[in-house]
Amino acid sequence: MPKIELKNFTCHYLYENFGHDKTIVLSNSLGTNLSMWEDNIDELSHHFNILRYDKRGHGQSTINQDKVSIDELGEDVIELIDALKLENVYFCGISIGGLTGQWLGINRPDRFKKIIICNTAAKIGTVEGWEARVKQVTEFGLGSILEGTADRWFTPAYRANNPEKVQQILTDFQANSLQGYTACCYAVANADFRNQLDKLTIPLLIVAGSQDEVTTVEDGKFIQKSAGLTHLITLDAAHLSNMEHPREFAKHIIHFIQH
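This text gives an overview of the structure that appears in the document. Position labels on residues start from 1 in each chain and follow its written sequence. Per-residue local features of the predicted model are confined to residues with pLDDT of at least 70, and side-chain atom pairs are confined, for both listing and counting, to 80 or more; whole-chain, interface and lining totals are unaffected and use all residues. Side-chain metrics in this entry use all non-hydrogen atoms of the structure; hydrogen atoms and water are not considered.

### Examining unusual backbone geometry
Note the cut-off: Helix and strand assignments follow DSSP, with helices taken as H or I runs no shorter than four residues and strands as E runs no shorter than two, numbered in order from the N terminus. Relative accessibility decides the category of a residue: with a 1.4 Å probe and only protein chains considered, values under 20% of the type maximum give buried, values over 50% give exposed, and everything between is partly exposed.
Phi is positive for K85, which is not a glycine, with a value near 55°. Relative to the helices and strands, K85 resides in the loop between α2 (70-83) and β5 (89-94). Judged by its relative accessible area of 70%, K85 is exposed. Backbone geometry places S95, a non-glycine residue, at a positive phi of 60°.

Written out as structure tokens, the structure reads:
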């Protein structure tokens, strides 16, 4: 898969041109790589060209710093779509990708037609909680939080019925660079859009998981109430709703973008 030299890092990405006039950018959750969207691609490919990428320090993308910000991750998206000369672009991000989507909607709405944010919140967790997470993985490695990660990301039913998919994403999680993971933990810890949502006037779809204990349906409702042109849908899922209900997830995105 191709890589491109951006200003601050080498970005690993996959751009699939299916001959459509619209392109959707898919932005991964913390600790995952671009393969997390695999089950959504077939459905989406009938309607859009698709750009997936690994954020700094994730998957095969590099990182050169110990802390990053959501502002920087948002600028990376702009730099990538500029480098690839993409027009008529839509953005879909999950978890930290949803924070990136909020930043883009507030700061760079000129570059996107519509934005989809999934399993996210205007403020995810607490600074103290994220600092504790950084301390844990720094001392004991990413493998030390695998079990808790699986519990947060997937419902018991999905874990029972799809053990190989769960194992693959945990293997990918553990393969990330520790520096990349902790740097992006700081990005989540310090991101807070609660007082900026009124600037989010671009058409926005919010996807929440009814069993998501990380970013709850209430978090989605808060964004819906505070932002402009918003629509909220709920899936019976935990934190990675795109994996638990891939076709339904994709169909909601297609309907939102096409109407």
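From this point, the discussion proceeds with the structure in view.
### Some words on the packing of helix α4 (residues 127-140) against helix α8 (residues 178-190)
Selection criterion: Only the stretch in contact is used when a helix axis is fitted, and all axes are lines through C-alpha atoms; the angle between N-to-C directions ranges over 0 to 180 degrees. Angle categories are assigned with fixed cut-offs, so that under 35 degrees is roughly parallel, over 145 is roughly antiparallel, 65 to 115 is roughly perpendicular, and the rest are oblique. In what follows, a contact means two residues having at least one pair of non-hydrogen atoms within 4.5 Å.
Look at α4 against α8: their axes get within 9 Å of each other, and the N-to-C directions meet at 170°. The angle between α4 and α8 falls in the class roughly antiparallel. Across the interface between the two elements, V127, W130, R133, V134, V137 and T138 from α4 touch L178, Y181, T182, C185, Y186, V188, A189 and N190 from α8.

### What about the packing of aromatic side chains?
To keep things clear, this is the line we draw: Each Phe, Tyr or Trp ring (for Trp, its six-membered ring) is paired with any other whose centre lies within 6.5 Å, and the angle between the two planes then decides the class: stacked below 30 degrees, edge-to-face above 60, tilted in between.
Overall, the coordinates contain five aromatic pairs when judged by the stated rule. Measuring from centroid to centroid gives 6.0 Å for F91 and F112, while their planes differ by 70°, and the two rings are edge-to-face. Note that F91 is positioned in strand β5 and F112 in the loop between α3 (96-107) and β6 (115-118), a separation of 21 residues in sequence. Side by side, F91 and F112 carry an identical accessibility label, which is buried. Centre to centre, the rings of F173 and Y181 are 5.2 Å apart; their planes meet at 70°, and the pair counts as edge-to-face. Each member of the pair F173 and Y181 is classed as buried.

What is shown is where atoms sit, not what they do.
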